[in-house]
Structures are given as C-alpha cells and as structure tokens.
Amino acid sequence: MNDAPNDVAASAVDYEDLMAPWAYNASAVTLFFIGFFGFFLNLFVIALMCKDMQLWTPMNIILFNLVCSDFSVSIIGNPLTLTSAISHRWIFGRTLCVAYGFFMSLLGITSITTLTVLSYERYCLISRPFSSRNLTRRGAFLAIFFIWGYSFALTSPPLFGWGAYVQEAANISCSVNWESQTKNATTYIIFLFVFGLVVPLIVIVYSYTNIIVNMRENSARVGRINRAEQRVTSMVAVMIVAFMVAWTPYALPFQRRGTMPRALLPRAS
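Residues numbered from 1 in each chain as written. Predicted model: local features only at pLDDT ≥ 70, side-chain atom pairs only at ≥ 80, totals over all residues. Heavy atoms only, no water.

**Q** Where do I start with the environment of threonine 136 in this structure?
**A** Among the secondary structure elements, threonine 136 is positioned in the loop between helix H4 (93–127) and helix H5 (137–155). Through-space distance from the C-alpha of threonine 136 to that of proline 58 is 5.6 Å; in sequence the pair is 78 residues apart. A polar side-chain atom of threonine 136 sits 3.1 Å from the main-chain amide nitrogen of glycine 139. (Helix = DSSP H or I, 4+ residues; strand = E, 2+ residues; numbered from the N terminus. Polar contact = N/O pair within 3.5 Å; in protein donor to acceptor, adjacent residues only side chain to side chain.)

**Q** Would you take a moment to explain the side chain of serine 207 for this structure?
**A** Relative to the helices and strands, serine 207 is located in helix H6 (residues 183–222). Among the polar contacts made by the side chain of serine 207, one reaches the main-chain carbonyl oxygen of valine 203 at a distance of 2.8 Å. Once residues lying within four places of it in the same chain are set aside, the contact partners of serine 207 are Ser119, Tyr120 and Tyr123. (Contact = heavy atoms within 4.5 Å.)

**Q** Just checking my understanding: could you explain the nonpolar core for this structure?
**A** Buried together is how nonpolar side chains tend to be arranged in soluble globular proteins. Formed by 14 residues in total, the largest nonpolar core has its most connected members in Ile46, Trp56, Ile61, Ile62, Phe64 and Val117. Elements supplying a minimum of two residues to this core: helix H2 (21–51), helix H3 (58–87), H4 and H5. At five residues, H3 tops the list of elements feeding residues into this core. With residues up to four places along the chain from it excluded, the contact list for tryptophan 56 reads Met49, Cys50, Ile61, Phe64 and Arg137. Of all hydrophobic cores here, the second largest spans 11 residues; its members include Ile112, Tyr165, Val176 and Ile189. (Core = buried A, V, L, I, M, F, W, Y, C linked by side-chain atoms within 4.5 Å. Buried < 20%, exposed > 50% of the residue type's maximum accessible area, 1.4 Å probe, protein only.)

**Q** Quick question: what am I supposed to make of the packing of aromatic side chains here?
**A** Per the stated rule, a full pass over the model turns up 19 aromatic pairs. When the ring of tryptophan 162 is compared with that of phenylalanine 191, the centres are 5.1 Å apart and the planes differ by 35°; the resulting orientation is tilted. In this pair, tryptophan 162 sits in the loop between H5 and strand S1 (165–168) while phenylalanine 191 sits in helix H6, placing the two residues 29 residues apart along the sequence. Where phenylalanine 191 meets phenylalanine 195, the ring centres are 5.4 Å apart and the plane angle is 50°; that geometry is what we call tilted. One end of the pair, phenylalanine 191, and the other, phenylalanine 195, are both in helix H6, four residues apart, so they sit about a helical turn from each other. Exposure remark for phenylalanine 191: the relative accessible area of 21% places this residue in the partly exposed category. Each residue in the set Phe32, Phe33, Phe36, Phe37, Phe39, Phe40 and Phe71 is aromatic and connected to the rest through ring pairs, giving one cluster. (Phe/Tyr/Trp six-rings, centres within 6.5 Å; stacked < 30°, edge-to-face > 60°.)

**Q** Hey, could you run me through the packing of H2 against H3 in this one?
**A** Packed helix pairs are characterised by how far apart their axes lie and by the angle those axes make with each other. Interaxial distance between H2 and H3 falls to 8 Å at its minimum, and their mutual angle equals 150°. Relative to H3, the element H2 is oriented roughly antiparallel. For H2 against H3, the interelement crossing comes out left-handed. Class assignment for the residues of the contact of H2 with H3 results in 18 nonpolar, eight polar and one charged. (Axes fitted to C-alpha atoms, helices over the stretch in contact; angles between N-to-C directions. Parallel < 35°, antiparallel > 145°, perpendicular 65-115°, else oblique. Left-handed = near helix turned anticlockwise from the far one by under 90°. Nonpolar A, V, L, I, M, F, W, Y, C, P; charged D, E, K, R; others polar.)

Now the structure itself:
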C-alpha cells in the first residue's frame, strides 16, 4: 500500500515484460469464466442447502464447507486477479498482496483438507456401516473446526516470518514465495508440500482404494459386480486425477529445485 513511487514506476515497466499482451488478455478471460461459474454454481448449492434443511446430513455439512471455501475464492480472489490481469500488473500494493496470498492459500488448503476428510469419512462409512462411531452432526462441525485449524497452521507461518507471500503468475496474483532458495523459504515450502499435498494425497488414495476393495469383497459375496461399485471406481479415478491436476502445478516449483538447495546443505568446516 505504501510502495515508494520509484519502485512502483520501475515495477510497472517490469510487469509489462513478463507476458505478451495477448497472454494477459487470455488470462483475464479465463479468470472471468472461472469466477463467473465458481460464483453462481457454488451460490446455487448454498441456496439449495439453505432452502432444504433435510440436506444437512453430516457428510453434506462437510461438503458445504468445501462449497463455502470455493465460493469465497470466487468473491475474494478472482476480482483481484481479474483486475490485475486487465491492468497487466498487480495494482493493489504489498499489504493486500500478502493478505491475498494468505487467504487464497488458506482457502486452497481448506479445500484440499475438506476433500481429504470427506474421503476418509466415506471410507469409514463403507467399511463400518453399522459402527456407533460413524459421523454425526456434532462430529461434522468438529471436523470443520479441525479443517480450518489445520489449514491455518499450514498457511499462517509466512505472516510471522517463516516463508513469505509475494507476487507470482506474471505479477497478477500473490502466493507463497516458491522461487527463493534461502533456508527460510525452502524449509517452509517443504513443510507446505508435505502436509499440504503429500499427506492429503496419501489419505485420499488410501481411503478410496479401500472403498473399492470393500465393495469388491461385497460383490464377490453376492456373486456379481454391483453398478454402485463401477460408479465408485469411476468416481475414485476422477477424484484422484482431478486432485492431481488441480494441485500438482503448485508442487512443480518445489520439484524444479532438484536436489536439496545450497542453503540446506551442510557447510564444509
């Protein structure tokens, strides 16, 4: 917000060189459609659930949390990046860049963690359908509290000096500083990579794999393949592929680092 005039003037020139004008325009169009559909489709689900209270099952309560986090991205994040894409640069200053980076990271990790909790709860429901420990409404709200607490723990460290939120994506948005090779930045990225991507992916794959195994065992007992099994198998494949497509690009900057960066290598005595 309080950027020096010289820095603003210099950076405005630099921003123009990061992408061709057509690329900024294409980004703006893409962001518009993402924001448009993200806003109205999630709003439709929110309105539907608020209208019919019978839909408020424990699993749907957690699903509602996912809808709300995605809806928040469309109303908080997309307008800023769309405006920046049209302007060919981030125009909202350093303070809002940090706030944007934090909230988008928080909402992104919240979505990942919600998908992870949903997959595990679905596994518990399939593997132990008559268990007294199955999810209740109280358990669903506790799960949501855990999801937001876990997400905050993963995304708040840059606010306190471990890692940083800086401009990215041709300087039309802000996110974690993926490029820095310092020990401070690298250790945070490893932390975020492990607990924000690897652990959720392991839980999701484990849960859905066991769902398929359980359904196949049930089908073997009755001597035929259930249509539900086929649908679940297809859903599993789509969920895992969609998860990887959506979130792996954020892991690529980490992977491009190759081996351990110099900042983490032991120094010669």
